[in-house]
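As a plain string of letters, each chain reads:
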Amino acid sequence: MKLGAQLFSLRNFIKTPEDIRTTFEKIKAMGFENVQFSGGGPIDALELKAISEETGLPIVCTHSSFDRILGDTDALIEEHKIFGCPVIGLGSMPKEYRNGEKDMMSFFEDLKAPVQKILDSGLHFAYHNHAFEFELKTPDGEMLYDYMLRTLPHWQFIMDTYWVEFAGHSAIEYIEKIGAARLPNIHYKDMAKTEEREICACGIGVLDFAAITEACIKNGGVVNVLIEQDNAVKFDDPFGQMEIGFKSLRPLIK
């Protein structure tokens, strides 16, 4: 497995092409092996490809905007092919689809055509979870995330360890449920030892990443462990927060 960085954690530092290059260079110097490109500012796909290649940091997946996935699918596919990324990811179900059973089902209907186009192009589509997928129920009373796993065999899932545990479930259990074919990328995100259970640097919270890593190895399909710390930008040294996570997890990820 490779240990990478989810760059949404450093989103304030990837707003311009110059900043993107600097951030890639800093991440590479820490020892990270690849990245997920999410939350960045506008950049030409060829320039992003050049930065990726020159720093030796492949882009293994993205979070792309829902609007672009729906309305600009062809261009999005072409861009991903240019900078060599095999996975177009969606960071979350938009809020307007979470208002009731009918809205939830229309989310899947709206994504049908663009996802098929992505798959037909040779790329993959992946969904990243939060906690609400474990709280919302389908018309038949099934937990939304379980419904997605059961009915969307052609989707990949970028499972977020923190949000699974925050919702009261087992990250290890869901690594097993998702299966090898649909989980090449996983987010390692830690939970602080506080009543609020806020996000913290990986390795200093309550999640048992040694056991989670064993589950990933047993799963057999996990290729990239991506460190994500959404609130890193709130600290004086966001890059230092990511480095804490890297140093904590490096001994586990071989």
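Quick note: structure is the one above.
Fair warning: this is a prediction, and the values are worked out from it, not measured in the lab.

What counts as what
Residues numbered from 1 in each chain as written. Predicted model: local features only at pLDDT ≥ 70, side-chain atom pairs only at ≥ 80, totals over all residues. Heavy atoms only, no water. Helix = DSSP H or I, 4+ residues; strand = E, 2+ residues; numbered from the N terminus. Rg over C-alpha atoms; globule rule 2.2 N^0.38 Å. Contact = heavy atoms within 4.5 Å. Areas by Shrake-Rupley, 256 points an atom, 1.4 Å probe, with all protein chains shown as cover. Lys, Arg positive; Asp, Glu negative; His and termini not counted. Charge placed at Lys NZ, Arg CZ, Asp CG, Glu CD. Core = buried A, V, L, I, M, F, W, Y, C linked by side-chain atoms within 4.5 Å. Buried < 20%, exposed > 50% of the residue type's maximum accessible area, 1.4 Å probe, protein only. Arc of directions from axis to C-beta.

Draft legend 1. Region of interest: the overall build of the chain. A tally of regular secondary structure across the chain gives 10 helices and 10 strands. Relative to the compact-globule value of 18 Å for 254 residues, the chain shows a C-alpha radius of gyration of 17 Å, a close match. Overall, the chain is about 50 × 45 × 35 Å in size when its C-alpha atoms are taken along their principal axes. Restricting to contacts in the chain with at least 6 residues of sequence separation, those with at least 24 account for 73%. Taken as a whole, the chain presents about 10900 Å² of accessible surface, with 52% of it coming from carbon and sulfur. Treating the 26 positive side-chain charges of the chain as one cloud and the 39 negative ones as another, the clouds have centres 3 Å apart.

Draft legend 2. Fine view of the nonpolar core. Core analysis: the largest hydrophobic core is formed by 76 residues, its most contacted members being Phe 24, Phe 107, Trp 155, Met 159 and Tyr 188. Take this core: its biggest share by element is 6 residues, from helix 5 (residues 101-120). Dropping the residues within four chain positions of it, Tyr 188 is found in contact with Thr 161, Cys 202, Phe 209, Ile 212, Thr 213, Cys 216, Val 225, Leu 226, Ile 227, Glu 228, Leu 249 and Ile 253. With 6 residues, the next largest nonpolar core counts Val 60, Ala 126, Ile 158 and Leu 226 among its residues.

Draft legend 3. Looking closely at helix 4 (residues 73-82). Turning to helix 4, its buried residues number three or more, namely Thr 73, Leu 76, Ile 77 and His 80. Looking straight down helix 4, one finds its buried side chains confined to an arc of 100°; they lie on one side. Each element contacted by the buried residues of helix 4 is listed here: strand 3 (59-62), helix 3 (66-71), strand 4 (87-90) and helix 5. Positive backbone phi, approximately 75°, marks Gly 84, located one or two places after helix 4.

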